[in-house]
Amino acid sequence: MASAGPARAIVTRKLNLWYGTFQALFDVDLAVRAGIITSMIGPSGCGKSTFLRSINRINERLGYVRTTGSIEVMERDVYAPEVELLQVRKLVGMVFQRPNPLPLSIRDNILFGHRLHRGSQKVTRSREDEILESALTQVLLWDTVKDHLDRPAVDLSLEEQQKLCIARLLPVKPTVLLMDEPCSALDPKGTEAVEELIWELRGDYTILIVTHNMAQARRASEECIFMLLGRVIEHTATEDMFVAPVRQETADYIEGRYG
Amino acid sequence: MFEATELNRKNQKTERLWRLLFLMMTVLLILPVLIILGVLIYHGGPMITIDFLFTEPTNGMTAGGILPALVGTVWLVAVALLVSVPIGIAAALYLSEYAADNWLTRSINLAIINLAGVPSIVHALFGVGAFVLFFRFGTSILAASLTLAIMTLPVVIVATRESLQAVPHAFREACWNMGASRWQTIRHVVLPNSVSGILTGVILEVSRTAGETAPIMFTGAAFFLPFLPQSVFDQTMAMSLHLFVISTQVPGVPENLPFGVALVLISMVLAMNALSIAFRMVLRGRKKW
């Protein structure tokens, strides 16, 4: 585990969020431990994705979003006035429900982020190849695609596309990876493969993963957050939550009484 | 077991009826276009010679060619697009990629769509007031082209904005999440994937602009001027106005001459449209998602 950094990768205090007049998050106080996988569960519309999207401030694109409270990533307030939004996005990568490879080759997809941030500085082809191989190796995709790196990324299977979308973040050197139901567009085999990959990335990155799949949360995370109607109900070690939930709502949800 | 029932047969009859109706409407739509083209080619076709295209009109525009009008139209359209395309694309980029989605943006969008419907004579009079008189450009290519530019601007904006919106939002999110700035996202992902639509819109505008008469007749197009323009401050003849003039204002014009002019004008427009379709096909072929 990365030992140098702070123990808490994401800390929120009294985070409230409104879409127009609709309040989606209520006083969310969370501390996500660095270097582990934390899953977020809860019924649709409970604010999981909203929470995820406010961490790297991608929500702001919608003009009518208003937040109060604070979000700290690696002990720095991401809403502080001196913060450069692009640096936040660099540090906090995001993976979406539907794989969204850019309409470029596999190579250009992986190198896209790196090229964005190196400015006019020259980088040799062999250095780019190293970056490419390292990113694709980390997501267990190198052996599959190494012989056709110039093929369009959209020709890959969904599972491979999703792995590519994760790999694409790595050359930018993020510390936090946010994943919004990364497996819900995949078949069971793909889900297993991507889960396995996420498990592999544990330790090097802090991973916060939203899921609808309770079994997935249970298998593939170390801590678990249960949200309901915009509030955090429970945040404990995954084992504890599924074996002995503290709150009645959590127990009800886990047993499938609503959601 | 699978034989048609009474109800099936009734349905089939209605089905045939509707089908026939729609087919007839389509024919009704195409027929006038074909007739116009046919008449133009029949009467105008023999007029078209190298001399016709490359000499000046003579004998009080009852003989000779159309070179000054042809060149003038090219000038007018080129200068108009040089102004309206960059401004239009920039405005569309701002509205689609930067502006927050609020009531102000929405009302601006609505205004632009309405602006596209303003009659061209209104633009013409605006052009006289603004460019000819206020800015003292006089009646010149510049004044006429600026008037045309103002007229085409809303259409360029709408066409560009639609092409930009057709680029999946997921592409933008993918870029932002790697820390790409707005401009980097536009430059590397949004524009390359919308350029075919933008070009198509622009080229279609060319053909519309080439045919406009009202906006140029008070602002820069001349009745008869058998010289080629030397700069944007000159007046010029133009195909559309020339056609209007020889059809209605000049006595003793041979019957086939206006047909010849019209045929050249319509060929220019069709050639541009064909080019736009070709562009779209080539660029679409590269697109994949």
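Located above this text is the structure these notes cover.
Okay, so let's go over this structure. (Residues numbered from 1 in each chain as written. Chains lettered and ligands numbered in written order. Predicted model: local features only at pLDDT ≥ 70, side-chain atom pairs only at ≥ 80, totals over all residues. Heavy atoms only, no water.)

**With respect to the interface of chain A and chain B**
The condition is simple: Throughout, a contact is declared for two residues whenever any of their heavy atoms are within 4.5 Å. The term buried area means the drop in 1.4 Å probe accessible area that two parts suffer when joined, counted for both and summed. We define a salt bridge as a side-chain nitrogen of Lys or Arg found within 4 Å of a carboxyl oxygen belonging to Asp or Glu. We define a polar contact as two N or O atoms separated by no more than 3.5 Å, with the added condition that, inside protein, one atom must be a possible hydrogen donor and the other a possible acceptor, whereas residues neighbouring each other in sequence contribute only through side-chain atom pairs. Every helix listed is a DSSP run of H or I at least four residues long, and every strand listed is a run of E at least two residues long, numbered separately from the N terminus. When residues are sorted by character, Ala, Val, Leu, Ile, Met, Phe, Trp, Tyr, Cys and Pro go into the nonpolar class, Asp, Glu, Lys and Arg into the charged class, and all the rest, Gly among them, into the polar class.
Each side of the interface is counted separately: chain A has 26 residues, and chain B has 23 residues. Across the chain A/chain B interface, buried area totals approximately 2000 Å², and carbon plus sulfur atoms make up 62% of it. Of all residues in chain A, Arg 61, Pro 103 and Leu 116 of chain A give up the largest surface area on contact with chain B, accounting jointly for 32% of the area buried on that side. If you look at where chain A meets chain B, you find one salt bridge. Here Glu 173 of chain B and Arg 53 of chain A are joined by a salt bridge, their closest N and O atoms 3.0 Å apart. Here chain A and chain B share five residue pairs in polar contact (both at pLDDT 80 or more) between them. Among the elements of the structure, α2 (85-91), β6 (92-95), α3 (106-117) and α6 (158-169) of chain A are those that each provide at least two residues to the side of chain A that touches chain B. It is α3 of chain A that provides the largest number of residues to the side of chain A that touches chain B, a total of four residues. Partitioned by chemical class, the residues of the side of chain A that touches chain B number 14 nonpolar, six polar and six charged.

**Notes on the nonpolar core**
We count it as follows: Side-chain atoms within 4.5 Å are what join buried Ala, Val, Leu, Ile, Met, Phe, Trp, Tyr and Cys residues into a set we call a nonpolar core. For the exposure calls, accessible area comes from a 1.4 Å probe over protein chains only, and a residue counts as buried if that area is under 20% of its type's maximum, exposed if over 50%, partly exposed in between.
The biggest cluster of nonpolar side chains holds 42 residues, and the ones touching the most others in it are Leu 102, Ile 106, Leu 136, Ile 166, Met 179 and Ile 207 of chain A. Elements that contribute at least two residues to this core include exactly α3, α4 (125-138), α5 (142-145), α6, β7 (176-180), α7 (188-201) and β8 (206-210) of chain A together with α7 (169-176) of chain B. Ranked by residues supplied to this core, first place goes to α3 of chain A with five residues. Among all residues touching Ile 166 of chain A, those that are not within four sequence positions of it are Val 95, Val 139, Met 179, Val 194, Leu 197 and Leu 201 of chain A.

**Here we look at the sheet that holds strand β10 (residues 231-237) of chain A**
Residue and element names in this part refer to chain A. To keep things clear, this is the line we draw: At least two bridges found by DSSP between two strands is the condition for calling them paired. Orientation is described by lines fitted to C-alpha atoms, with helices fitted over the stretch in contact, and by angles between N-to-C directions that extend from 0 to 180 degrees.
In spatial order, the strands read β6-β7-β8-β3-β9-β10; together these six strands make up an open sheet with mixed pairing. Of all the strands in the sheet, just β6 and β10 have a single pairing partner and so form its edges. The mean angle between the axes of side-by-side strands here comes to 20°, regardless of whether they run parallel or antiparallel. One ladder, built from four bridges, connects strand β3 (residues 37-41) with strand β9 (residues 223-228); its direction is parallel. Within the sheet, the bridge partner assigned to Ile 41 lies in β9 and is Phe 226.

**Some remarks on the pattern of salt bridges**
All chains considered together, the criterion is met by 19 salt bridges over all chains. The partner of Glu 128 of chain A in a salt bridge is Arg 118 of chain A, with the nearest N and O atoms 2.9 Å apart. Here Glu 128 of chain A, found in helix α4, pairs with Arg 118 of chain A, found in the loop between α3 and α4; they are ten residues apart in sequence, far enough to count as distant. Judged by relative accessible area, which is 6%, Glu 128 of chain A ranks as buried. We classify Arg 118 of chain A as buried; its relative accessible area is 19%. Between Glu 6 of chain B and Arg 9 of chain B there is a salt bridge; the shortest N-O distance is 3.7 Å.

Such coordinate-based values are descriptive only and should not be taken to indicate function.
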